[in-house]
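Coordinates in review
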Amino acid sequence: MSELLASLAALAGFVVGALAVMVVRHNIEGRRVVLTPVDDVAPGALPPGVASVLAVLPSSAVVLDRDDRVLRASSAARAFGLVKGDHLVVAELLAMARRVRRDGEIRENEIEVAGHKFGQDSTCFAVRVAPLGSYGQVLVLAEDQTEHRRVEAVRRDFVANVSHELKTPVGALSLLAETIQDAADDPEAVTRFAGRMQHEAARLTYLVQDLITLSRIQGAEPIPTPGPVPIDDAVHEAIDRCNTTAAAKNISLVTGGVEGLRIWGDDELLVTALRNLIDNAVAYSPEQTRVVVSARAVGPHHESVEISVSDQGIGIPESAQERIFERFFRVDAARSRATGGTGLGLAIVKHVAAAHNGAVTVWSKEGSGSTFTLRLPAFGGTAVAVPRNTPIPLEAAQ
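In this report, we go over the structure that sits alongside the text. (Residues numbered from 1 in each chain as written. Predicted model: local features only at pLDDT ≥ 70, side-chain atom pairs only at ≥ 80, totals over all residues. Heavy atoms only, no water.)

Some remarks on the sheet that holds strand 14 (residues 304–310)
Ordered in space as 11-13-14-16-15, the five strands form an open sheet in which the pairing is mixed. Only two strands of the sheet have a single partner each, and these edge strands are strand 11 (252–257) and strand 15 (359–365). Each strand of the sheet is rotated relative to its neighbour by a mean of 15°, with strand direction disregarded. Pairing geometry for strand 14 and strand 16 (residues 369–377), over seven bridges, is antiparallel. Considered in strand 16, the bridge of Ile307 is made with Leu374. (Pairing = 2+ DSSP bridges. Helix = DSSP H or I, 4+ residues; strand = E, 2+ residues; numbered from the N terminus. Axes fitted to C-alpha atoms, helices over the stretch in contact; angles between N-to-C directions.)

Okay, here's the thing in structure tokens:
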């Protein structure tokens, strides 16, 4: 149960305990304190102070009377569909409230509530139910745990995927080493298997590098040393790193668009993102085609820069386009492994864009190719092109 829920539980316990003994009223003029027992509160009313406490609680809060009618419900409780009118509509919560009213024991549980609208996902709650006062009133606190559950699921999937991805090249290296040992008297076989070992070692190196890069940028932390980044230089550097792979398939890497544009950020991260996009375009394009990298200024005041990478490849099915930026997601696992992909390239691109307060989008059609577009804030608030040798003061980025 989250720390926030523990704090809420402590607060609820304080309210219940304090109100169960007395309610303090100060008479300022007479300078005397009058103690009012909670039992003197009318059966259909909330104990003094409870409404004020419930109003500041971030979780869903509901107070039931002895007939299971809702005396007070927070806006969150109604928004999640826990309460309708003066009824608590979740049967599991109602059963917990009745058991608490019967024996006076505080109860905790985790429940899942189906969405109250068509197509809405279910919501997970960590629930605490406690008695309130002496007239059978019950306090229900429900903390939304859906996002926490989602993060935990993503973390488990990530660990499982990393384990699998690392196991494959490591296992291949081990097997190849044994094979070389057995074929020590066959120089041709040793040379062939040694080449395979180099390939698997390179694949393992790329995977580790991508994992390090992803772990460095996915924490949503600000870029440590941002500065003006010339788009032309970043594009040319990324293309240089991909030239060998493109030349092996006779694919032309072409640049276009507006020159002299700049963004405010980290040049190495931008080069990494562009290299991943170009590598993907080359890997999924047939031979003797071309990949185009272009830049342009967008927005009413040219406040953003768009960098697009377009290919003439196989395209991406529409059903997969929403998931391609997930870590280790592959549209075609067999083809991806054949091209040497780690499954982390587009996830890195997404996080690089987010680190620059930008975004990445994709357009694709099967058989017609794909276009990935990075949209990033311009340096100095405007992407108006400037001559290459014209310095721009750092103060302009403030």
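Here's the deal with the pattern of salt bridges
One pass over the structure, following the stated rule, counts 13 salt bridges. Salt bridges sharing partners connect three or more residues here, namely Asp68, Arg98 and Arg101. (Salt bridge = Lys/Arg side-chain N within 4 Å of Asp/Glu carboxyl O.)

What about the environment of Val138?
Along the chain, Val138 falls in strand 9 (residues 137–144). With 38 residues separating them along the chain, Val138 and Val100 place their C-alpha atoms 7.5 Å apart. Other than its neighbours up to four places away in sequence, Val138 contacts Val62, Val63, Leu64, Ala97, Val100, Arg101, Val129, Ala130 and Leu132. (Contact = heavy atoms within 4.5 Å.)

Quick look at the layout of surface pockets
Its volume calculated, the second largest pocket comes out at about 520 Å³. Breaking the lining of the second largest pocket down by element, the ones donating at least two residues are helix 5 (146–182) and helix 10 (345–355). With eight residues, the top contributor of residues to the lining of the second largest pocket is helix 5. Class assignment for the residues of the lining of the second largest pocket results in six nonpolar, three polar and eight charged. (1 Å grid on protein atoms, 1.4 Å probe; cavity = no way out; pocket = protein on both sides within 12 Å on 5 of 7 lines; lining within 4 Å. Points joined across faces, edges and corners; volume = space filled by probe spheres on them. Nonpolar A, V, L, I, M, F, W, Y, C, P; charged D, E, K, R; others polar.)

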